[in-house]
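One-letter residues, chain by chain:
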Protein chains: 4
Amino acid sequence: MKFHPFFFTLLFSVVLTAQEHSHKSTGAIIFPDIPGYTTLKTDLHQHTVFSDGNVWPTIRVMEALRDNLDVISLTEHLEYQPHLKDIPHPDRNRSFELALQEAKNHDLIIVHGSEITRSAPIGHSNAIFISDANELLEEDAEDSFATAKKQGAFVFWNHPAWYPQNPNGNPNLSNFQKDRIKNGELHGIEVINTGDYAAESFALALENNLTIMGTSDVHDLIDWDYTEKGHSRPITLVFAKERSEAALKEALFAGRTVAVFNSLMVGKEEHLTPLLKACITVEEATYIDNTSILKVTLKNVSSTDLLFENQMPYTFYSSSPVFTVPAGGTKIIQIKTLEKLDAIELKLKALEAYVAPKKHPIIQWPIIVDND
Amino acid sequence: MKFHPFFFTLLFSVVLTAQEHSHKSTGAIIFPDIPGYTTLKTDLHQHTVFSDGNVWPTIRVMEALRDNLDVISLTEHLEYQPHLKDIPHPDRNRSFELALQEAKNHDLIIVHGSEITRSAPIGHSNAIFISDANELLEEDAEDSFATAKKQGAFVFWNHPAWYPQNPNGNPNLSNFQKDRIKNGELHGIEVINTGDYAAESFALALENNLTIMGTSDVHDLIDWDYTEKGHSRPITLVFAKERSEAALKEALFAGRTVAVFNSLMVGKEEHLTPLLKACITVEEATYIDNTSILKVTLKNVSSTDLLFENQMPYTFYSSSPVFTVPAGGTKIIQIKTLEKLDAIELKLKALEAYVAPKKHPIIQWPIIVDND
Amino acid sequence: MKFHPFFFTLLFSVVLTAQEHSHKSTGAIIFPDIPGYTTLKTDLHQHTVFSDGNVWPTIRVMEALRDNLDVISLTEHLEYQPHLKDIPHPDRNRSFELALQEAKNHDLIIVHGSEITRSAPIGHSNAIFISDANELLEEDAEDSFATAKKQGAFVFWNHPAWYPQNPNGNPNLSNFQKDRIKNGELHGIEVINTGDYAAESFALALENNLTIMGTSDVHDLIDWDYTEKGHSRPITLVFAKERSEAALKEALFAGRTVAVFNSLMVGKEEHLTPLLKACITVEEATYIDNTSILKVTLKNVSSTDLLFENQMPYTFYSSSPVFTVPAGGTKIIQIKTLEKLDAIELKLKALEAYVAPKKHPIIQWPIIVDND
Amino acid sequence: MKFHPFFFTLLFSVVLTAQEHSHKSTGAIIFPDIPGYTTLKTDLHQHTVFSDGNVWPTIRVMEALRDNLDVISLTEHLEYQPHLKDIPHPDRNRSFELALQEAKNHDLIIVHGSEITRSAPIGHSNAIFISDANELLEEDAEDSFATAKKQGAFVFWNHPAWYPQNPNGNPNLSNFQKDRIKNGELHGIEVINTGDYAAESFALALENNLTIMGTSDVHDLIDWDYTEKGHSRPITLVFAKERSEAALKEALFAGRTVAVFNSLMVGKEEHLTPLLKACITVEEATYIDNTSILKVTLKNVSSTDLLFENQMPYTFYSSSPVFTVPAGGTKIIQIKTLEKLDAIELKLKALEAYVAPKKHPIIQWPIIVDND
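Numbering of residues starts from 1 in each chain and follows the order in which that chain's sequence is written. To read the labels, note that chains go from A and ligands from 1, taken in the order they are written. Confidence filtering applies because this is a predicted model: local features only for residues at pLDDT of at least 70, side-chain atom pairs given and counted only at 80 or more, and all residues used for totals across whole chains, interfaces and linings. Heavy atoms throughout the structure, all of them, feed into the side-chain values; hydrogens and water do not.

In the nomenclature of an unreviewed UniProt entry, chain A corresponds to PHP domain-containing protein from the organism Flagellimonas hymeniacidonis.

Here is the structure:
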C-alpha cells in the first residue's frame, strides 16, 4: 500500500501540532536546564491518608510521574491526624517509606518531610530532608524547629497569607518567625500555595532572603484540583548542581528557586532571567526577500505559555507588540530593522513573570541572522 | 538542555494519538490500494460560478488537495446558467481549463465533464472524459447523450432518488434511461449524492450492471457542507490499473468502484471485500502468558471508522463482539481460541458496508501467531 | 448593551450542542426509567485502602457523585489485606461506615458489602446487603456463604472468565457454584468486570437464572482507569420499584438488571427492550413538503451512544440503514413510506445490545405523524 | 422519566462552559455598545471574483453573517481585473449589486466601495459610500480621488506598511497622501490589514487625525485565512449614533473607531477606554466571610479574551496581578482591601490594547460591594 505524498505533509503538520500542545494535554510539566544548573521540578507540600489527605502514598507517586516531576515530599501534619482511629501508626515516617518503595523503579526523588502545624501566628511550616519525623512531634513549636535544625532540615513557612489564619490576607513576620530566621531554623516561604499567590509573601522572601517556594498542598487528587480545571499544579523549580537529593538540598538552602503556577513565575532576577532565556530558543532568523524585515521563529521549550512585550528599538511588521509563545510551540515575529543587519539583540519583557512584586524581568537573546 | 526520559514517553503517546486521529482532523481522505489495483479517490460531480456554484474553479482544486483526493471533475450544468449575465462565456469548457491550470503544479487529475440537465423523468446526468462540452448543448437530451458517446464519455445518472424530481424518493428506470443503457450511452448511477444514500439506486446499479457512484455535488464550500458538520464529502473510490486518467476511465467503464460517505461503503462484493480487507492490517498476534487467549492488534489504515461484528467460532475475552477500529487507529481484540494455535482466520462482518441493499460483507484475514 | 439577534441564534445552537455532548464530557451516567420501574445506576464492586485499593472511602463517594450513580458498594476483600500493617482494623465494616458518613449529605445509597476471596474454582464473590462483614471471615468458603445467606445477602460470582483463575477465559460452573445456587447462596454473576465482557458468563446467567451484573472493580481511580481513556465505568442498571435500598435488593433478587459498559448493553429481553425503548424519544415526525418522505427526529436521552439498523419494510431517504443516535443528542432519519400515512411503527435492531450471546433485540416505537 | 437532580447541576455547568467559549467556536464576533453609541462591527475591505478574489459575492455575505458582522464592503480593484476575460462586465458596480441582493433578507448593511489601485508611493486606497464605481476608473489617481470626493466617499489608505510596496515596512506620508489629506480626499488609514499591525501607521493616524481602520482584505475564504488558524478576521469597530448606513458614514468621518484583530485593540483613548469598560461587567462583589478580602466576579461580554494587569493600591489574594478574562466568560479576583469597604474603584491596565504605539489604556470600574 502506498500513500500519496500529500498525506505525509498533512500528517506531519498534525504531528507538529500535537507536539506543540503535548505538554498541556498530558499534564507533563517541562522546564529547561539553565547554564550551570539542572532544573528540578518539585512539589514539596502534599498530604495522604497518613494525615488529612484522601489517597494512599502510591497515588502521589503516580501523580508525580504523570506530571513529569523530579522530586516530591509527602509532608503529613505531625499534629493533625484525622484518620488516626483507622491508621494508628506510631511511626510518623510511614508515608515516606511507602512512597519510597513505590518510587524505587522510577526516576523520582522522594524527600522525607513533615508539616509542623500550629495556629497563628506560628502557623504551618514544612521541614524537609529530616531523618526522623517522630522526633519533631513536640509540645512547643520552638522545640520542633530546633529538632528539625538538628536533623539538618530545610524549613519553609506555609501559606503565610492564608485567610483562615490571617483575615486580611496580608502576612507579616511575627516574632516567632523572626526568631526562627535568626536561629537559622526557617529558610523558605511559600509565595504560591494551592492557586494563591501572595505578593506580600514574595516581598518578605526578598527582604529576609528566604527561599521562594510554590507548592500544591494537595489533599484529594491533582486531577480534580488542578488538571481538570485547566491548571498545572504549583511547583518550585530548583536549580541544582546535579540531579540528586544532596544537590537539591544545597540549592534550596542557597535560595536558587522559582515558584511557578500555570504561566505565573516568581523568583529572583538572577534565577528567573536565565530560566526565561532558556525557555525560548531562536529557531530561524532570516530577512524576507528584498526587505529589511527580519523574520524570527521563537520556540518555547517549556510546558507553560509565555507572554512577552516588545522592548526593542524596532517595531514588528505583523504581530502585536504583546504576544504569547505557546507551550511547546512556536511564534514567528517579524522585526523591522530598517536596514539589513548580521546580528541583533532580541529584547522582551516577560509580562507574567515577577522579579519583585511589581517588576517584570526584561530578557535578551542574541540573534545571528541566517545568511545563505 | 536535556529532557527527562519520561517526557519522551509522554510525547510519543501524544504523537501516536495525533496520528490516530489525524485523518479526521485534517479532512484528508485516505484509502489503501487493493491487490492488482491503485485506489483512486474521486469526486466527479461539482459546480463553480460557471454554472450554479459560488466559487471560482481554483477553490475546488484547493479543496480537493486539502481532502487528499486524486481526481475531480467540475460538471457545470450545460443548460442551467444563473450567472450567465455576468459570465457570458460562449465556451462551456472554461471551468475545466481554469481548474487544469490551477492543478498543474499539483498531483491532482482534472477530468473534463459536464452535467446534462433536464426535468424528470430524464433528470440530470454527468458526462465525463468529454472533449468539448459545447457540442453537448443540444435541444434534445437524446442528442446530448449521443454526442457524449461520440466523444467517448462515461455517463452516469445523478441522484435518481432526488425528491424534487421524485416525490416518493423511490427511483425507477424510465424508458429514457433504459434506451440509453441499451445504446451504451449510460454507464453509471449515483447511489450516494450529497449525504443521501438510496438503497433503490444501489439495487438498480446491481440489476443493470451500472457503475456505482458517490459524489458531493457541492455548490458552496466543502467546509460548510461537510467538514464543519463532522462529515467527509461523498466520494467514489475507483480501482484503476494505475494512477492515470486513462486507467481511471477504463476502471469506471469496467464498474470497479465503491461509493463512500463517512463510514457508509457501498459496492459490489468483489470490490468491497478486498477494500475492507486492505483497510485493516494485523499488527501483532500473541498469546497472553500462560493462557489460550490470543491478543490481536488491528490497525485501520483508512480515514474512516470501521464497525465490525465477530463472526468467528470463538468469543472475545474483553471487548464487545461489535466494535469499531477507529480511522487511522488501532483496536486490540482478545480471542479465546481454547487451545494455543499457530494460525487462525479472523472473520468479521462489516456492519456499515453493503454489497446488496440488505447484505453486509464478511471479511476474512489470515492471522499467523507470533511465537517467540 | 444590546446584542444583535443573530448572536442569540448562534449562542442557542452552541448551548444545544453542549447539551448533546454534556453527558460524556462530564462523565455523568444517565439512563431513563422504564414503565413500572425506577432505573438505578449502580457500581457494586469497588475497593479502597481498607483492602487492596489506593484511596480513602470518601474518594469513592465523590467519584460516584461525579458519575451520577445512585448506588455503590465498597466490597473490600475480607481475606486479602495488603495494607493491614498500617490499617490494623479489627472491624471489617469500617470502609462502609466511612462511606456512609461521607454520603450522608448526598443522594447516594451506600450498600454494605464484602468480597469473599478464594482461589479457583471457588474464585471471588461479592456479598452485599450484609449486616456484619466480620462474621463472613471464615476459614471455609462454604461457611462464609452460609453466613452471608443468614444475613440476607445478595451474592454474585465475580469475573468468572478472569484468566489468572481461568487460563482459557471460558468459565463453567464448578460443583462449588452449583451447590451454592442449589442452596440459595449465589444469586448473580458478573458478565462485565473492568472492561471485560464474557459471552459465556452471560450464557451461564441465562441458563441458571442468575442476575446479570456489570461492575468496575476499581482499585485506583475511576478517572485513570476509565474516564481518561474515553470510557464510562461498567455498571449494573437495576429496575427497582422505587429509589430505596430495600427496592434495590428486591430487584436484584428478582434479576431485573442490565449490565452496561460504554455502548455495550447486556440483559434479558424483558429488561433490555423497554430500556432501549425509553432511551429514544421521537421528537418530531412530519412529511417533507409534497413528498411521501417522513422526516423523524429521534432523541437519545441516555448517556451512551446507541447504534441501530433499520428493520422496517421501508428504506431511508438519506442516512445509512446503520446509524448512531449520539448520547444526549438527536438524529434525523427520513423514511420513504411511499404514500402519506398517519402513523407508522419504527422498527430498529440495537446492534450493541445483546439479549443472548449472539442475539440483538429489535425495538419498536409507534410514531404518530404530526399533521398541521 | 425523571432525572436525578445532580444531572441538572452537571448539565448547567456544561452549558455555562459552552457559553463561555461560544464566541470563539462559532466565530461570531461580539462587542458591546458604548455610552451614546451603537458599536458596529465592520469589514470594509474584501474581494470577490469581480476583481482578484475567488468567490462569488454571495459567499462574502454568508461569511459576514456567520461572523456576526453589521457591515461589509466589497472593494474590488478598479484597475486590477485578472478574471476580466471570463467576467467582462462593463459595470464596476456589479459586485455591490449582487451582495445587496443576497443580503436583502438579512440584517447586514452592504456599503458600496471600490479600491483605487496604484504602485507606490500612491499605493492602494478604498473609497466607500460611492454612488458609481465606474466613474472612479480614471487614468490619474488624483482624478479618481477627486471623483470619490464628489460622490461623498470616505477614503482610507490601505496597508501603508505593506512590504511589496515598502521594503522596510515603515510607512511615511508621501506628497500624494499629504495633498489628498489637505484636499479632504483621504480620511482614514489601515493600521491593521490581514494579520499585520503597523505601529507606524497608528502613529500617522494620530498625528494626522486620520480614522483608524482594521480590515481582512480577504481574497479566498475567511475560514481558511483566519478561523481555521484560530483567528478572528480583523475588523473596524465603528461607534455610530444608530445602526444605519448614514450613521456609520458620519462616525467614520468623525473618526470614532477601534481596529481589532484577535485580542489586539488599537484606537484613540476616548474610544478604546469606554469600549473596554463596557466589555467587562462586574457580576458580584462580596467580602469573604470574616475577612477583608473582596471577591469580585468579572464578566467579559465580548468575543475576545481580555488581558489585564492590576493597577490598584491593593494586591490580590489569589490570582496573578496579570490575568485574562476569557471571551464570553468570567474571572474571579480577590482584592485585599485591608478593611471592609462599601465601594472601591477597580483599576486595570489593558495589556493588549493601545491608545498610542507604546501606551496601554488604564480602565476604571466603580464597584459597589454587595452587603446582605
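What follows picks up the thread again.
1. Describing the relation of the copies chain D and chain B
We count it as follows: The copies are overlaid by a least-squares fit using only the C-alpha atoms of residues whose pLDDT is at least 70 in both copies. By definition in these notes, contact holds between two residues if any of their heavy atoms fall within 4.5 Å.
For the pair chain D and chain B, the best superposition has an RMSD of 0.0 Å and corresponds to a rotation of 180° with a translation of 0.0 Å parallel to the axis. Such values leave the two copies arranged in the relation of a two-fold axis. In terms of proximity to the rotation axis, the leading residue of chain D is Val55(D), whose C-alpha is 2.1 Å off the axis. By residue overlap, the copies meet face to face through one surface: 100% of the interface positions of chain D are interface positions in chain B.

2. With respect to the side chain of Asn68(B)
Residue and element names in this part refer to chain B. Under the convention used in this document: Under the scheme used here, helices are H or I runs from DSSP no shorter than 4 residues and strands are E runs no shorter than 2 residues, and both carry numbers assigned from the N terminus. Whether a residue is buried, partly exposed or exposed follows from its accessible area with a 1.4 Å probe, protein chains only, as a fraction of its type maximum: under 20%, in between, or over 50%, in that order. Any N or O atom pair separated by 3.5 Å or less is treated as a polar contact, with the protein-specific requirement of one donor-capable and one acceptor-capable atom, and with residues adjacent in sequence counted only for side-chain atom pairs.
With respect to the secondary-structure elements, Asn68 resides in the loop between helix H2 (57–66) and strand E2 (71–74). For Asn68, a relative accessible area of 2% puts it in the buried group. Separated by 2.8 Å, the side chain of Asn68 and the backbone oxygen of Ile29 make a polar contact.

3. Considerations on the packing of aromatic side chains
Rules: Only centres within 6.5 Å qualify two rings of Phe, Tyr or Trp (six-membered ring in Trp) as a pair; their planes then separate them into stacked at under 30 degrees, edge-to-face at over 60, and tilted for everything else. Consider the ring centre and the ring normal. A charge sits over the ring if Lys NZ or Arg CZ is within 6 Å of that centre and within 35 degrees of that normal.
All told, the structure shown has 40 aromatic pairs over all chains when counted by the stated rule. Seen from their ring centres, Phe154(A) and Phe156(A) are 6.1 Å apart, and the 40° between their planes marks the pair as tilted. Of the residues examined, Phe154(A) reaches a relative accessible area of 0% and is grouped as buried. Centroid distance Phe154(D) to Phe253(D): 5.4 Å. Interplanar angle 85°. Geometry classified as edge-to-face. In this pair, Phe154(D) is assigned in strand E7 (residues 154–157) and Phe253(D) in helix H8 (residues 245–254), connecting sequence segments 99 residues apart. Taken together, Phe308(A), Phe316(A), Phe323(A) and Trp365(A) form an aromatic cluster joined through their ring pairs. Directly above the ring of Phe176(A) sits Arg180(A), whose terminal nitrogen or CZ lies 4.5 Å from the centroid.

4. Remarks on the environment of Ser201(D)
Assignment of secondary structure puts Ser201(D) in helix H6 (residues 199–208). Separated by 98 residues in the primary sequence, Ser201(D) and Ala103(D) place their C-alpha atoms 33 Å from one another.

5. Considering the relation of the copies chain A and chain D
In screw terms, the move from chain A to chain D is a rotation of 180° and a rise of 0.0 Å along the axis, fitting with an RMSD of 0.1 Å. Looking at the interface residues of chain A, 100% of them are also at the interface in chain D, so both copies use one shared face.

6. Some words on the interface of chain D and chain B
Our working rule: Accessible area that two parts lose when put together, with a 1.4 Å probe and added across both, is what the buried area reports. Salt bridge, as used here: a side-chain nitrogen of Lys or Arg that lies within 4 Å of a carboxyl oxygen of Asp or Glu. Residues were grouped as follows: Ala, Val, Leu, Ile, Met, Phe, Trp, Tyr, Cys and Pro as nonpolar; Asp, Glu, Lys and Arg as charged; and all remaining residues, including Gly, as polar.
Across the boundary between the two partners, chain D contributes 22 residues, which contact 22 residues of chain B. Of the roughly 1,900 Å² buried at the junction of chain D and chain B (both faces included), carbon and sulfur atoms supply 59%. Linking Arg94(D) and Asp86(B) is a salt bridge whose minimum nitrogen-to-oxygen distance equals 2.5 Å. Joining chain D to chain B, the criterion identifies 12 residue pairs in polar contact (both at pLDDT 80 or more). Listed by contribution, the elements that provide at least two residues to the side of chain D that touches chain B are helix H2 (57–66), helix H3 (94–103) and helix H7 (222–225) of chain D. The greatest single-element share of the side of chain D that touches chain B, amounting to five residues, is contributed by H2(D). Class assignment for the residues of the side of chain D that touches chain B results in 11 nonpolar, three polar and eight charged.

7. Details of the sheet that holds strand E21 (residues 362–368) of chain A
All names here are of chain A. Applicable threshold: One bridge is not enough; two strands pair if DSSP finds at least two bridges between them. Axes here refer to lines fitted to C-alpha atoms; in helices the fit is confined to the stretch in contact. Angles between the N-to-C directions go from 0 to 180 degrees.
As summarised here, the arrangement of the four strands in space is E17-E16-E19-E21, forming an open sheet in which the pairing is antiparallel. Each edge of the sheet is formed by a strand with only one pairing partner; in this case those strands are strand E17 (322–325) and E21. Recorded for the sheet is a direction-independent mean angle of 40° between the axes of neighbouring strands. Where strand E16 (residues 306–310) lies against E17, four bridges are found, and the strand directions are antiparallel. Bridge pairing links Leu306 to Val325 in E17. Each of E16, strand E19 (343–350) and E21 touches helix H9 (residues 269–279); the most contacted strand, E21, lies at about 40° to it.

8. Let's talk about the interface of chain A and chain D
Note on interface size: it is often stated as the accessible area lost on association of the parts. With 37 residues of chain A at the interface, the matching set in chain D holds 37 residues. When chain A packs against chain D, the two sides together hide about 2,900 Å² of surface, and 53% of this comes from carbon and sulfur. For the pair chain A and chain D, the interface holds two salt bridges. The partner of Glu200(D) in a salt bridge is Lys336(A), with the nearest N and O atoms 2.7 Å apart. Taken together, chain A and chain D are joined by 16 residue pairs in polar contact (both at pLDDT 80 or more).

9. Points about the pattern of salt bridges
Enumeration according to the criterion identifies 68 salt bridges over all chains in this entry. Between Arg180(B) and Glu185(B) there is a salt bridge, and its shortest N-O distance comes to 2.6 Å. Looking at Arg180(B), the relative accessible area reads 6%, which means it is buried. Here Asp179(C) and Lys182(C) are joined by a salt bridge, their closest N and O atoms 3.7 Å apart. Pair noted here: Asp179(C) and Lys182(C) are both in helix H5 (residues 175–182), with a separation of three residues, about one helical turn. We classify Lys182(C) as exposed; its relative accessible area is 66%. Each member of the salt-bridge network shares a partner with another, and the members are Lys41(A), Asp70(A), Asp107(A) and Arg243(A).

10. Here we look at the sheet that holds strand E14 (residues 280–287) of chain A
Residue and element names in this part refer to chain A. Here we have three strands laid out as an open sheet, ordered E14-E15-E18, and antiparallel in their pairing. Taken across any chain shown, the strands that pair with only one partner, and hence form the sheet edges, are E14 and strand E18 (330–336). Neighbour to neighbour, the strand axes of the sheet diverge by 20° on average, direction disregarded. Pairing geometry for strand E15 (residues 293–300) and E18, over seven bridges, is antiparallel. Across the sheet, the residue bridging to Thr297 is Ile332, located in E18. Where H9 meets the sheet, its contacts fall on E14 and E15, and the angle it forms with E14 comes to roughly 55°.

11. Things to note about the UniProt feature "domain: Ig-like" (unreviewed entry) in chain A
Quick note on the threshold: UniProt positions are given in the numbering used here, feature names are shortened, and annotations may be inferred rather than shown by experiment.
Under the feature "domain: Ig-like" (unreviewed entry), the UniProt entry names residues 280–365 of chain A. With 0% helix and 53% strand, residues 280–365 of chain A has end C-alpha atoms that lie 9 Å from one another.

12. Re a negative patch on the surface
All names here are of chain A. Selection rule: Residues enter patches when their relative accessible area tops 30% and they take part in no salt bridge; the joining distance is 9 Å for like charges and 5 Å for the nonpolar side chains Val, Leu, Ile, Met, Phe, Trp and Tyr. Note on areas: Shrake-Rupley with a 1.4 Å probe; residue coverage comes only from the protein chains shown. When charges are counted, Lys and Arg are positive and Asp and Glu negative, with His and the chain ends excluded. Working definition for charges: the position is that of NZ of Lys, CZ of Arg, CG of Asp or CD of Glu.
On the surface, a cluster of negative charge is made up of Glu135, Glu138, Glu139, Asp140, Glu142 and Asp143. By secondary structure assignment, the location of Asp140 is in the loop between strand E6 (124–128) and helix H4 (141–150). On the basis of relative accessibility, which here comes to 41%, the residue Asp140 falls in the partly exposed class.

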